[in-house]
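Each chain is listed here by its residues.
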Amino acid sequence: MTSYAIRVDENLKAGASEVARSFGLDLASVTRAFWTYMVRTGSIPITFDGEQPNEDSLEAIRETEEIFAAHARGEIKGYSSAAEMFAALEL
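Residues numbered from 1 in each chain as written. Predicted model: local features only at pLDDT ≥ 70, side-chain atom pairs only at ≥ 80, totals over all residues. Heavy atoms only, no water.

Caption draft 1: Fine view of the overall build of the protein chain. Helix and strand content of the protein chain: four helices and zero strands. Each helix and strand of the protein chain, placed in order from N terminus to C terminus, yields the pattern α-α-α-α. Taking 91 residues into account, the globule formula puts the C-alpha radius of gyration at 12 Å, and the protein chain, at 25 Å, lies well above it. Principal axes of the C-alpha set define a box for the protein chain whose edges measure 75 × 30 × 25 Å. Per-residue burial over the protein chain gives 3% buried out of 91 residues. For the protein chain, the exposed surface amounts to about 8500 Å²; the carbon and sulfur share of it is 59%. Here the protein chain carries 8 positive and 15 negative side-chain charges, and the mean point of each set is 13 Å from the other. (Helix = DSSP H or I, 4+ residues; strand = E, 2+ residues; numbered from the N terminus. Rg over C-alpha atoms; globule rule 2.2 N^0.38 Å. Buried < 20%, exposed > 50% of the residue type's maximum accessible area, 1.4 Å probe, protein only. Areas by Shrake-Rupley, 256 points an atom, 1.4 Å probe, with all protein chains shown as cover. Lys, Arg positive; Asp, Glu negative; His and termini not counted. Charge placed at Lys NZ, Arg CZ, Asp CG, Glu CD.)

So, in structure tokens, the structure goes:
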């Protein structure tokens, strides 16, 4: 057996400890499990990608892109101010 010490921000450690505790584990157990997984799979079990949007968010993004494209083609009228937009709503 060997020991390994790391320096980490106190808030980060506290947050990680909370997550580990919610699974009934301590940080040492989680660290051993992480390293064991790395050795067993030959990979690092994390991603450096940002969080990926869910399907609802992707649909909203698609709708927004369609609206911008339609506006660029002149198919949808734009407004230069909120007042102009509200005035148009009062038909």
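Caption draft 2: Quick peek at the pattern of salt bridges. Under the defined criterion, the tally for this structure stands at four salt bridges. Linking E59 and R62 is a salt bridge whose minimum nitrogen-to-oxygen distance equals 3.2 Å. One end of the pair, E59, and the other, R62, are both in helix α3 (residues 55-72), three residues apart, so they sit about a helical turn from each other. With a relative accessible area of 34%, R62 lands in the partly exposed category. When salt bridges that share partners are traced, they join E55, E59 and R62 into one network. (Salt bridge = Lys/Arg side-chain N within 4 Å of Asp/Glu carboxyl O.)

Caption draft 3: Examining the layout of surface pockets more closely. The calculated volume of the largest pocket comes to roughly 880 Å³. As for the largest pocket, its lining consists of 19 residues, and the residues nearest its centre are L27, A28, T31, R32 and W35. Residue assignment for the lining of the largest pocket shows that the elements contributing at least two residues are α1 (10-22) and α2 (27-41). Of the residues forming the lining of the largest pocket, the biggest block, eight residues, is contributed by α2. For the lining of the largest pocket, a count of residues per class yields 14 nonpolar, three polar and two charged. (1 Å grid on protein atoms, 1.4 Å probe; cavity = no way out; pocket = protein on both sides within 12 Å on 5 of 7 lines; lining within 4 Å. Points joined across faces, edges and corners; volume = space filled by probe spheres on them. Nonpolar A, V, L, I, M, F, W, Y, C, P; charged D, E, K, R; others polar.)

Caption draft 4: Representation of a nonpolar patch on the surface. Taken together, the side chains of Y4, I6, V8, L12 and W35 present a nonpolar region at the surface, about 580 Å² in accessible area. With respect to the element layout, W35 can be found in helix α2. (Patch = residues over 30% accessible without salt bridge, like charges linked within 9 Å, V, L, I, M, F, W, Y side chains within 5 Å.)

Caption draft 5: Highlighting the packing of aromatic side chains. Per the counting criterion, the structure on display carries one aromatic pair. A ring pair is formed by Y4 and W35, whose centres lie 5.3 Å apart and whose planes are at 65°; its orientation type is edge-to-face. Separated by 31 residues along the polypeptide, Y4 in the segment before α1 and W35 in helix α2 bring together distant segments of the chain. (Phe/Tyr/Trp six-rings, centres within 6.5 Å; stacked < 30°, edge-to-face > 60°.)

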